[in-house]
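Below are the chains, spelled out letter by letter.
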Amino acid sequence: MKDLEVVAANGLLHRRAFLSGGAALAAAFTGYRLSDTLAAQGLADEPWSRKQGMLVQEYGTPSPYEKHVVRTLSNPKGDTRTQHGRTPHHLLHGTITPNALHFVISHSGNPDIDPAQHRLVIHGLVRRPLVFTLDTLARYPMVSRMAFVECGGNSGLLFSSEPLQGSIQAIHGLVSCSEWTGVLLSTLLEETGIDPRAKWVIAEGADSLALSRSVPIAKALDDAMVALYQNGERIMPGNGYPMRLLLPGWEGNMNVKYLRRLKLVDQPGMSYYEARTYTAILPGGKAYQFYFLQEVKSFITHPSPGLRLSGPGFYEISGIAYSGNGRIAKVMVSADAGRTWAQAALQEPVLPKAFTRFRIPWRWEGGPVVLQSRAWDEGGNAQPTRAELVARRGQTPKPVTNPLAFPGTHFNGPSSWAVDSSGEVRHVYA
Amino acid sequence: MSTRETVQRRDDARVRRCLVALVVLAAGSVMLAQGQVGTPAAPNLGKPVSEAEIAAWDISILPDGTGLPPGSGTPEQGAKIFVAKCALCHGPEAKGGVAAALIGGRPLTDGIDTPKTIANFWPYATTLFDFTRRAMPWQAPRTLTDDEVYALTAYILSLNKIIGPADAMNAQTLPKVRMPNRDGFIPRFPERIP
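Residues numbered from 1 in each chain as written. Chains lettered and ligands numbered in written order. Predicted model: local features only at pLDDT ≥ 70, side-chain atom pairs only at ≥ 80, totals over all residues. Heavy atoms only, no water.

J.: Please set out the overall build of chain A residue by residue, giving values where relevant.
T.: Counting its regular elements, chain A contains eight helices and 26 strands. Taking all 430 residues of chain A together, 57% fall into the buried category. Long-range pairs, those at least 24 residues apart, make up 73% of the contacts in chain A with a sequence separation of at least 6. In the structure as shown, chain A presents an accessible area of about 17200 Å², 54% of it carried by carbon and sulfur atoms. (Helix = DSSP H or I, 4+ residues; strand = E, 2+ residues; numbered from the N terminus. Buried < 20%, exposed > 50% of the residue type's maximum accessible area, 1.4 Å probe, protein only. Contact = heavy atoms within 4.5 Å. Areas by Shrake-Rupley, 256 points an atom, 1.4 Å probe, with all protein chains shown as cover.)

Laid out in structure tokens, this is it:
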């Protein structure tokens with residue numbers, strides 16, 4: 001019996017082991033013969049298969065058996081503070097986040113906007129201020145693209161000096177990926193004209209805070225979109241219905257939801273969220289501002305904290321990688337806390353500024369292991385090691401104990417998951 | 001090519017297309033009747049709107065004071081408004097309640113997770129006016145008069161000893177207030193700042 005090629009410590013297999021070997025090989029190393037597994041089951045013709053099934057719904061909902069696949073809510077009663085809904089990455093697969101599970105951060109609740117009354121104004125340093133309705137925007141040439149949106153505070157718990165125990169949903173749940181469809185902002189700015197003095201665009205929402213952020217004009221003219229659709233349907237209320245600014249690869253909060261006003265100006269507005277919230281205090285007391293980019297990052301979703309391995313044998317390690325700089329070029333996976341590495345397979349198509357699913361086959365021998373991934377993007381940017389990131393950005397003076405805290409922003413170091421011999425997965429630093 | 005040049009080139013191209021459009025219009029295009037003079041290749045469905053019509057929405061305040069409305073307010077006036085409209089959430093004398101304290105703050109050298117406050121962090125006083133006017137009070141945003149927003153801004157700045165107890169805030173004085181952490185920032189990607 002030909003064995004599978006182990007390419008890194010603790011059972012990481014070549015990423016193409018199964019593409020070259022086929023199912024018989026897979027069966028071979030699990031220790032069963034295919035005929036045995038079938039015979040042992042005694043397959044029944046279950047009752048649900050012998051009667052007419054359920055009615056078709058107008059708007060579908062998942063199987064009742066998937067009730068646990070939901071966002072976790074930080075403020076379910078809507079107290080007068082921000083609400084967060086986090087994506088359950090450990091229960092999803094592929095690269096598209098279902099709309100109802102896309103992460104949401106709502107600083108003052110989702111406004112109940114009548115789309116017929118909604119207006120988008122573009123003014124300031126333009127030749128002609130213009131106002132658009134949803135109906136008029138729907139007649140413009142549209143584009144569709146995949147793009148992740150990530151909160152600047154996602155993964156911030158990893159700035160804690162000790163690893164906080166929480167599921168991957170608590171740690172990395174504030175990033176999601178959709179196909180967005182809308183009108184390129186450059187198309188609309190072509191129509192308003194741009195005064196040469198314009199350097200920034202202040203984007204503002206129709207929510208109760210009239211949330212506003214300043215965007216450099218170069219980004220506005222590059223790939224910024226006034227998005228109207230999310231995964232084929234109108235944008236969900238939590239994600240900006242009826243329209244949002246989409247800035248592919250840039251800090252989530254800048255992708256202003258409920259977009260109602262774009263003002264071209266000669267200086268940034270220094271709004272609350274750019275002057276205060278989405279900044280990063282550095283060791284020594286200075287702070288980064290205008291971080292803009294969500295830098296190259298990856299994390300393993302299967303297995304991850306919140307899941308449990310059901311015994312030694314074959315598993316596929318899988319996770320998500322993305323970069324605000326462009327396409328993912330490479331993902332490496334380690335099963336021995338970063339000492340030896342194997343290259344993961346990347347699911348095609350690999351798209352810029354979008355989730356890339358990576359996978360690698362793994363034979364778990366049943367002993368303790370520490371899993372970790374690191375990604376590189378096409379610009380040559382590497383996801384930093386924890387030591388590199390902490391040297392540059394610091395960590396908290398004391399361990400963080402509140403899983404809803406945001407001790408820092410823009411963490412893009414690696415995540416390490418320790419699997420113990422019982423199959424339990426814990427968050428560790430390695 | 002710099003961003004400026006890119007924008008300029010796009011603009012030049014647009015001007016050329018506008019000229020072409022004007023020729024078309026002179027030939028009697030129906031677009032003339034709609035009063036639209038945009039790029040012939042574009043849908044031109046945006047409706048022209050005057051800055052006067054946008055005024056009610058235009059609440060952007062820039063750090064140099066651009067956009068600040070007429071009006072004025074003192075810390076003393078602000079203290080009374082604060083008790084009536086803000087203290088419920090921000091606590092008496094802005095010491096904090098269900099919403100953040102608006103006074104004090106630890107040195108930022110205490111750690112990367114030091115709470116960011118007006119006194120220890122905010123680089124511009126105009127942000128305080130802008131955010132208060134657009135977002136506060138939480139239950140009834142955009143109901144404060146401009147005088148009230150100036151007074152509340154003056155009160156908070158005075159509580160933090162950034163201005164004196166008798167200093168009035170208005171469109172002239174507010175942009176001149178120098179916040180303690182004004183120079184505490186580094187752009188993460190300087191090449192992306194216009």
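J.: Kindly report on the overall build of chain B, identifying the contributing residues and their values.
T.: In terms of helices and strands, chain B carries seven helices and four strands. The long-range fraction of contacts in chain B, counting pairs at least 24 apart against all pairs at least 6 apart in sequence, stands at 55%. Of the roughly 9900 Å² that chain B leaves accessible, carbon and sulfur atoms contribute 60%.

J.: Report on the pattern of salt bridges, specifying residues and quantitative values.
T.: Here the structure, examined in full by the defined rule, presents 24 salt bridges over all chains. Between Arg-213 of chain A and Glu-251 of chain A there is a salt bridge; the shortest N-O distance is 2.9 Å. Residue Arg-213 of chain A is located in strand β11 (residues 212–216), and its partner Glu-251 of chain A is located in the loop between β14 (244–246) and β15 (259–265); the two are separated by 38 residues in the primary sequence. In this structure, Arg-213 of chain A and Glu-251 of chain A share a single accessibility class: buried. Across the pair Lys-263 of chain A and Asp-58 of chain B runs a salt bridge, and its minimum N-O distance is 2.9 Å. Remark: Asp-58 of chain B occurs in the loop between α3 (51–54) and β2 (72–73) and Lys-263 of chain A occurs in strand β15; the pair is interchain, linking two chains. Each member of the salt-bridge network shares a partner with another, and the members are Glu-204, Arg-260, Arg-261 and Lys-263 of chain A together with Asp-58, Asp-130 and Arg-134 of chain B. (Salt bridge = Lys/Arg side-chain N within 4 Å of Asp/Glu carboxyl O.)

J.: With reference to specific residues and values, describe the state of the cysteines.
T.: For the structure on display, the rule yields zero disulfides over all chains. With no disulfide of its own, Cys-86 of chain B lies 8.8 Å from the sulfur of Cys-89 of chain B, the closest cysteine sulfur. (Disulfide = S-S within 2.5 Å.)

J.: Tell me about the nonpolar core, residues and numbers included.
T.: With 101 residues, the main nonpolar core has Leu-120, Leu-188, Val-226, Leu-259 and Leu-264 of chain A together with Phe-82 and Leu-157 of chain B as its most contacted residues. Broken down by element, this core gets its largest block of residues, eight residues, from helix α7 (residues 146–159) of chain B. In this structure, Leu-120 of chain A is in contact with Leu-130, Val-131, Phe-132, Leu-137, Leu-188, Val-226, Met-243, Leu-259, Arg-260, Arg-261 and Leu-262 of chain A, ignoring residues within four places of it in sequence. The next biggest cluster of nonpolar side chains, apart from the first, holds 41 residues, and it includes Phe-159, Ile-168, Phe-355 and Trp-362 of chain A. (Core = buried A, V, L, I, M, F, W, Y, C linked by side-chain atoms within 4.5 Å.)

J.: If you had to explain the interface of chain B and chain A to someone new, which residues and values would you point to?
T.: Opposite the 63 residues of chain B that make contact, chain A presents 80 residues. Between chain B and chain A we count four salt bridges in total. Counting residues per element, the side of chain B that touches chain A draws most heavily on helix α1 (residues 3–26) of chain B, which supplies nine residues. Split into classes, the residues belonging to the side of chain B that touches chain A amount to 31 nonpolar, 15 polar and 17 charged. Bridge count between strand β7 (residues 130–133) of chain A and strand β1 (residues 47–48) of chain B: two bridges; the pairing is antiparallel. Residue pairing in the sheet places Val-131 of chain A in a bridge with Lys-47 of chain B of β1 of chain B. (Nonpolar A, V, L, I, M, F, W, Y, C, P; charged D, E, K, R; others polar. Pairing = 2+ DSSP bridges.)

J.: How would you summarise helix α8 (residues 386–393) of chain A if you had to cite specific residues and measurements?
T.: Residue and element names in this part refer to chain A. Taken as a whole, α8 has its buried residues at Arg-386, Leu-389 and Arg-393. For α8, the angular spread of the buried residues around the axis is 70 degrees, confining them to a single face. Exposed side of α8, more than 90 degrees from the buried face: Ala-387 and Ala-391 are the residues found there. Next to the buried residues of α8 lie β16 (280–281) and β17 (287–289). Residue Gly-394 follows α8 closely and has a positive phi angle near 80 degrees. (Arc of directions from axis to C-beta.)

J.: If you had to explain the packing of aromatic side chains to someone new, which residues and values would you point to?
T.: Scanning the model with the defined rule gives 21 aromatic pairs over all chains in all. Where Phe-148 of chain A meets Tyr-322 of chain A, the ring centres are 4.7 Å apart and the plane angle is 50 degrees; that geometry is what we call tilted. Taken together, the residues span a long stretch of sequence, with Phe-148 of chain A in strand β8 (residues 143–150) and Tyr-322 of chain A in strand β19 (residues 313–322) at a distance of 174 residues. In terms of burial, Phe-148 of chain A and Tyr-322 of chain A fall into one category: buried. Measuring from centroid to centroid gives 3.9 Å for Tyr-272 of chain A and Phe-131 of chain B, while their planes differ by 10 degrees, and the two rings are stacked. One end of the pair, Tyr-272 of chain A, is in helix α7 (residues 272–277); the other, Phe-131 of chain B, is in helix α6 (residues 125–135), on a second chain. For the pair Tyr-272 of chain A and Phe-131 of chain B, a shared accessibility class is recorded, and that class is buried. Seen from the ring of Tyr-429 of chain A, Arg-386 of chain A lies directly overhead, with NZ or CZ sitting 3.4 Å from the centre. Of note, Arg-192 of chain B hangs over the ring of Phe-189 of chain B, and the distance from its end group to the ring centre comes to 6.0 Å. (Phe/Tyr/Trp six-rings, centres within 6.5 Å; stacked < 30°, edge-to-face > 60°. Lys NZ or Arg CZ within 6 Å of the ring centre and 35° of its normal.)

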